[in-house]
Amino acid sequence: MSPKKEKKKKSLFGKILKYTGLAFLLMIITVILIPIFFKDELKELALAEANKMLKAEVAVGDFDLTIFSSFPKMKLVFDDVSVTGRDEFEGVKLVDLKAFEAKLDFWSVINMEDISVRSVRLIEPNIHVKVLESGLANYDIVKSTEEMAEEGEDTSDSPFKFSLEYYEIKDGNIVYDDRLSALFAEIVNINHSGSGDMTADVIDFKTLTSMDELSFKMAGLSYLSKVKTDLDMEILMEFKEESSKFTLKENELSLNALTLSFDGFYEMLEDHDNMDLKLIASNTSFKDLLSLVPAFYHTGYESMIAKGNLSLDAFVKGQLDDSRFPAWDFAAKVNGASIAYPDMPATIDNVSIVAGSKFPGGSNLDLMTIDVDQLKATFVGNTIDANFYMKNPMTDPYMKSKLNLNVDLATIGQVYPLEEGEEYNGKLTSDISIEGRMSTLEKEEYEKFDAKGTLRLQEMHYASKDLPAPVDIQNLIFEFSPQQLKLAELKAKMGRSDFSMDGDVKNYMGYLFNDGDLQGVFNYHSDLLDVDEIMPPSEEGASTEGTSESSAAETTTADAGETVLVPEKIDFVLNTSINKVIYDGMNIEHLKGRVLLKDQEAILEGLTMQTLGGTVGLSGKYNTQDKTTPKMDFSYSLKELDIQQLASNFLTIDKLAPVAKYAQGKISSDFSMTTNLTSNFEPVYNTLTGNGSLFSNQVKISGFEPLEKLADAIEIKKLSNQTIDNIKASFEFNDGKVKVKPFNIKLGNINTTVGGTTSFEQDIDYELQMNIPKEEIPGSLLKYAEQAIAKAKNIPGFNMKELPANIPVTALVTNKVKDPKIQTNIKEKLLELGGDIKGGVKDLVDDKVQEAKDSVKAVVDDKIEEAKAELEKRKQEVIDAAQKQADNIKAEGKKLADQTRSEADKRAQNVIDRAGSNLLEKKAAEVSAKKIREEGEKAAQKIENEANTRADNVMKTAREKAENLK
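Residues numbered from 1 in each chain as written. Predicted model: local features only at pLDDT ≥ 70, side-chain atom pairs only at ≥ 80, totals over all residues. Heavy atoms only, no water.

Draft legend 1. Focus on the overall build of the protein chain. Along the protein chain, the regular secondary structure elements total 17 helices and 38 strands. With 966 residues in all, the protein chain has 38% of them scored as buried. The long-range share in the protein chain, meaning contacts at least 24 apart out of those at least 6 apart in sequence, stands at 55%. About 54,900 Å² of surface is accessible on the protein chain, with carbon and sulfur atoms providing 53% of the total. (Helix = DSSP H or I, 4+ residues; strand = E, 2+ residues; numbered from the N terminus. Buried < 20%, exposed > 50% of the residue type's maximum accessible area, 1.4 Å probe, protein only. Contact = heavy atoms within 4.5 Å. Areas by Shrake-Rupley, 256 points an atom, 1.4 Å probe, with all protein chains shown as cover.)

Here it is as structure tokens:
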């Protein structure tokens, strides 16, 4: 081969490598630049769409757009995303997640239209769903089309189109709190994913779910408690114009050790739903069922041996609409089962459970039956035997039930592993039976309803390391009859405290079936109730002692912890008599009164006690009808209470009357207030309103800084420590402040009127009107006044007066209780009253001034009318000149703005022309041209707005100038 041909081949090969390399390099550069080019615009689009559509506060941390890890899709990442509610849900975060990831179709991003979202991931989300009793839900935050139109939002289609193929929740926590339906669920560490073509009419949808803990409560009853849950499910989803059908394929649900699966379909039609679902539990065992019982699952479950046969059968089949329900049949059966722990000397034997519920389908739910035919077990000579049957639940419930117990509590430790320090003793027996229809109780035909038997607990002793003291019940007797449940006797002790109670509960059957209130009257007595022993302060509580100085205004009902609610449909009366109570170190004696629970209120009625060296009377209401914001009405009457004991035992006193900790003596006071409460029963101070009065024969005050600084300001040192007699004051609360109405006291020989405010943040604003005897005034201040008087005597015609016997002085005490600021007018008053210098000079001058006024007035009146006409003419000339200048400014602004738009349009067209026919460059050029035009329009609008503003300012200045002309 000739050198020429070889060179030509090498040259051709070099060209191929060259252009291939250039193309590859161009592709790499494109992959790097495109995310950078579109990053800000995508972020603005996403946030604008969120703010346009949501009635919530959306916050976002860092933002990123990349293509390398997700090629050929783009990955959009928002870090630290939160969605916080407004109004009733202010401060409640619906969503708070570490990161939100979405994968976007590459070409849809290039076009910046119909941006296709292919997948989404929520990384470590915390989701808190809350539904109020009113039905208002914090997830209802998407604006309607009408709402967006009213706000002037663009209601056209979103630039984002969801074409999901995959979604995922990673390491999430969910709380669902529905107070309208009395439902509560909590999920800890959920991992969930779903895949399938969500845009297709027929989807083979697969999901994987795992939860470390699942808890579920309904109507106050706990159905699942911290259950480890796994669900693998494959569903065939078929979407047609007239129906949507979901067919279960492979699926498996695990609840702790219990594994279930389901078969069948659920179909949604236009006017009803149709279903045929069946439970498959062929691989379950009795031990698997016990895993749902926390007492067994969390105490040696792995080593526990549970024998016996278990069968679970259930189906739901038929139609569901507004009036019809599908048929169902649920049945569970356990025969001859036993439970044994390897280290226990005895076993739980003869466990038998037969339970179920049936309904034939249709609109008449009265055909439903609930039947627990057997619930039996024996252990160490103890027997448990119960059953329950109910029919006609919707019209006239018929019930038949029994509960027979014969249990020696001391034997529990022989069959069940107790925790260290846990002890049981005592005898629990019952022979309760119920049979009859609800209607007989409503008609008070008690002889037709059989309810009889007794529940008795004798000589019970229970100790646990979780309890501060053992509980001993000497006797507990509950007697059943058709009319009532009677607590015939309760005698118990816990540590040093003793309890005794009796009473009765009426309408217990009606209450169970939501017919009327549960009514009860109880009598409670204790010789000693040591609350400090029964409820010792926690370490967490002790660590917060230093926080009392924090701003009370920051305290809201959004505090951590749940509000303690007064139950609905409860009408109870508790008559209380306690000889001695020990609470927070205080000794309270002879406590008597009534507590009423009714209409979601706890009412304190006529409660009296002796404590803190005196007598206290209390009354009030704790209202939880609004379950999110409890309210309290409260009043007290104090008689001869020791001030020091009162201040040291009640933190609130320090906020209301900070002087109390520096005072000694006894006070009497009447007080009433209303306030919202936090979940910790602390007042929300900015909602507190009330009024009261106080009286004391004598109070000694020392070390109170405002009083000490007042003594320094007026140089009367003995004021810093005072003994004040016969204090009578009244006060009220408003806007987070205590307002003390002016009242009279005597500070030594100084008659003083005091009034002002103290805020709950310890801001003070007080005024003292002091009538100081001349002999109390320090010599240095009197000398200052005497020197001024001597100078005044040299004024011709000036008449001197004598210094009065009492000097009225005003003192203002402001700033903080611990850093007070003092202002007084004592020097000014001494100058004013020391010969009345100011008044004397004024009288001397007044006569001369009046003469001058009379001579000038006549001349001025003649010129007024002439000046008015000339002034109006000059004003109009100023306005006309300004209007001409403003019109010129607007015209120049419009001209310059039009030039800016034209130049932007030319630059945009040049960018498009330079791109040529290359598709990628043309798409990028179109986006760039669009941004140039938008920026040009913004600049033009800015020019016009600035010109209009300048013109308006010219007119505004002219009007002000015209008005100031004289």
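Moving on from the coordinates now.
Draft legend 2. Looking closely at the pairing of strand β28 (residues 601-611). Relative to β28, strand β27 (residues 586-598) runs antiparallel, the two sharing seven bridges. Note that in β28 the partner of K592 across the bridge is T608. The antiparallel pairing of β27 with β28 creates a hairpin that spans two residues between the two strands, and D599 there sits at a positive phi of about 50 degrees. As paired strands, β28 and strand β29 (residues 614-623) are joined by nine bridges and run antiparallel to one another. Residue pairing across strands places L604 opposite G620, the latter belonging to β29. Counting the residues that bridge the hairpin from β28 to β29 gives two residues, and of these L612 lies at a positive phi of roughly 55 degrees. (Pairing = 2+ DSSP bridges.)

Draft legend 3. A look at helix α13 (residues 705-713). Among the residues of α13, P706, L707, L710 and A711 are the ones counted as buried. Mapping the buried residues of α13 onto a view down its axis gives an arc of 140 degrees, with all of them on the same face. Considering only its buried residues, α13 is in contact with β32 (689-701), β33 (722-734), β36 (763-773), β37 (806-816) and β38 (819-824). Among the residues trailing α13, E715 stands out with phi positive, at a value near 60 degrees. (Arc of directions from axis to C-beta.)

Draft legend 4. Representation of the pairing of strand β26 (residues 570-583) in the model. Across nine bridges, the pairing between strand β24 (residues 518-526) and β26 is parallel. Residue Y524 lies in a different strand from β26, and its bridge partner there is T576. Taken together, the two bridges between strand β25 (residues 529-530) and β26 define a ladder with parallel strand orientation. Note that in β26 the partner of D530 across the bridge is I582. Here β26 runs beside β27; their pairing, made up of 11 bridges, is antiparallel. In the strand pairing of β27, L574 is matched with V595.

Draft legend 5. Examining the packing of aromatic side chains more closely. Evaluation of the coordinates by the stated rule reveals 18 aromatic pairs. On the numbers, 6.0 Å between centres and 85 degrees between planes, the contact of F239 with F246 is edge-to-face. Taking relative accessible area as the criterion, F246 reaches 22% and is therefore assigned partly exposed. The interplanar angle of 40 degrees and the centroid separation of 5.4 Å between the aromatic rings of Y662 and F704 together place this pair among those described as tilted. One end of the pair, Y662, is in the loop between α12 (651-656) and β31 (663-676); the other, F704, is in the loop between β32 and α13, and 42 residues separate them in sequence. (Phe/Tyr/Trp six-rings, centres within 6.5 Å; stacked < 30°, edge-to-face > 60°.)

Draft legend 6. Representation of unusual backbone geometry in the model. One non-glycine residue, D80, lies in positive phi territory at about 50 degrees. Its location among the elements puts D80 in strand β3 (residues 74-84). Of note in this structure, V380 is not a glycine but carries a positive phi near 45 degrees. For V380, the position within the fold is in the loop between β16 (369-379) and β17 (382-391). Here V380 falls in the partly exposed class, since its relative accessible area comes to 36%.

Draft legend 7. Inspection of the environment of R907 at higher detail. As for its position among the elements, R907 is in helix α16 (residues 837-915). Assessed through its relative accessible area of 46%, R907 is described here as partly exposed. When the C-alpha positions of R907 and G936 are compared, they lie 9.8 Å apart, and in sequence the two are 29 residues distant.

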